[in-house]
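In case you want the letters, here they are:
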Amino acid sequence: MKKSFLTAVLASTMLAAGVSVPAAFAQQGAAPMQQPAPADSASVTDEQIGSYITAVQRVNMIIQTYQPQLDAAENEEAAMAVQQEAQVELHAAVEQSGLSVEEYAAIAAGSQSDPELAARINAQAEAAMGQP
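Criteria and cut-off values
Residues numbered from 1 in each chain as written. Predicted model: local features only at pLDDT ≥ 70, side-chain atom pairs only at ≥ 80, totals over all residues. Heavy atoms only, no water. Helix = DSSP H or I, 4+ residues; strand = E, 2+ residues; numbered from the N terminus. Buried < 20%, exposed > 50% of the residue type's maximum accessible area, 1.4 Å probe, protein only. Contact = heavy atoms within 4.5 Å. Salt bridge = Lys/Arg side-chain N within 4 Å of Asp/Glu carboxyl O. Axes fitted to C-alpha atoms, helices over the stretch in contact; angles between N-to-C directions. Parallel < 35°, antiparallel > 145°, perpendicular 65-115°, else oblique. Left-handed = near helix turned anticlockwise from the far one by under 90°. Nonpolar A, V, L, I, M, F, W, Y, C, P; charged D, E, K, R; others polar. Expected span 1.5 Å × (residues − 1). Arc of directions from axis to C-beta. Polar contact = N/O pair within 3.5 Å; in protein donor to acceptor, adjacent residues only side chain to side chain. Core = buried A, V, L, I, M, F, W, Y, C linked by side-chain atoms within 4.5 Å.

Looking at the overall build of the protein
Right, so step 1: On a plain count of helices and strands, the protein comes out with 6 helices and 0 strands.
Right, so step 2: Its helices and strands taken in sequence order, the protein reads α-α-α-α-α-α from the N to the C terminus.
Right, so step 3: Across the 132 residues of the protein, 39% fall into the buried class.
Right, so step 4: Taking all contacts inside the protein whose residues are at least 6 apart in sequence as the whole, residues at least 24 apart take part in 79%.

Here we look at the pattern of salt bridges
Right, so step 1: Applying the stated criterion to the full structure yields 1 salt bridge.
Right, so step 2: Across the pair aspartate 46 and arginine 120 runs a salt bridge, and its minimum N-O distance is 2.8 Å. Residue aspartate 46 is found in helix H3 (residues 46–72), and its partner arginine 120 is found in helix H6 (residues 115–128); the two are separated by 74 residues along the sequence.

Points about the packing of helix H5 (residues 101–113) against H6
Right, so step 1: At a minimum axis separation of 6 Å, H5 and H6 run at an interaxial angle of 110°. One element, H5, and the other, H6, form an angle in the roughly perpendicular class. For H5 against H6, the interelement crossing comes out left-handed. Where H5 approaches H6, its residues Ile107, Gly110, Ser111 and Ser113 are matched on the opposing element by Pro115, Leu117, Ala118 and Ile121.
Right, so step 2: Its residues assigned to classes, the contact of H5 with H6 shows 5 nonpolar, 3 polar and no charged.

Concerning the packing of H3 against H5
Right, so step 1: Running from N to C, H3 and H5 point in directions that differ by 95°, and their axes come no closer than 10 Å. If you check the angle between H3 and H5, you find them roughly perpendicular. Contacts between H3 and H5 pair Gln48, Tyr52, Ala55, Val56 and Val59 from the former with Glu103, Tyr104, Ile107, Ala108 and Ser111 from the latter.
Right, so step 2: Grouping the constituent residues of the contact of H3 with H5 by class yields 7 nonpolar, 2 polar and 1 charged.

Here we look at H6
Right, so step 1: When the terminal C-alpha atoms of H6 are compared, their 20 Å separation across 14 residues agrees well with the 20 Å that a helix rising 1.5 Å per residue should span.
Right, so step 2: Buried residues of H6: Leu117, Ala118, Ile121, Asn122, Ala125 and Glu126, and no others. Viewed along the axis of H6, the buried residues span an arc of 160°, placing them on a single side of the element. In this structure, H6 carries Glu116 and Ala127 as exposed residues pointing more than 90 degrees from its buried face.
Right, so step 3: Taking the backbone nitrogen of glutamate 116 as reference, a side-chain oxygen 3.0 Å away marks aspartate 114 as the first, capping residue of H6.
Right, so step 4: Where H6 ends, the next residue or the one after it, glycine 130, has phi of about 75°, a positive value.

Overview of the nonpolar core
Right, so step 1: Tyr52, Tyr104, Ile107 and Ile121 are the most contacted members of the largest nonpolar core, which has 26 residues in total.
Right, so step 2: For this core, the elements supplying multiple residues, two or more each, are H3, helix H4 (76–96), H5 and H6.
Right, so step 3: Among the elements that make up this core, the one with the highest residue count is H3 (10 residues).

As structure tokens, this is what we get:
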């Protein structure tokens, strides 16, 4: 069964608190930062969508790298060190894609609330992967 790009990867890449630490890395009891307003389809360019797709792919690779380290952390201090290192890489990956952390978070949130934006992201991701 073919999953859409958003269904397959966005759930694992929604970064809590404006691209802080992925939900899988979130500390219990940590105070969340204010979320940016979701972007809507009319305010997001095709270029931003391309950058967003690139960022999602990079973020997924970082999560796959750090999750085993987090799982293997022997104590809370070690887990926090892994989280902090991952957070730095996540921010860098998003910014290297051409988006600010805030833009990435707004597009991610918008893709959840705006079906038209989600469809545009899916279409562009599928086109980039060579799928009809």
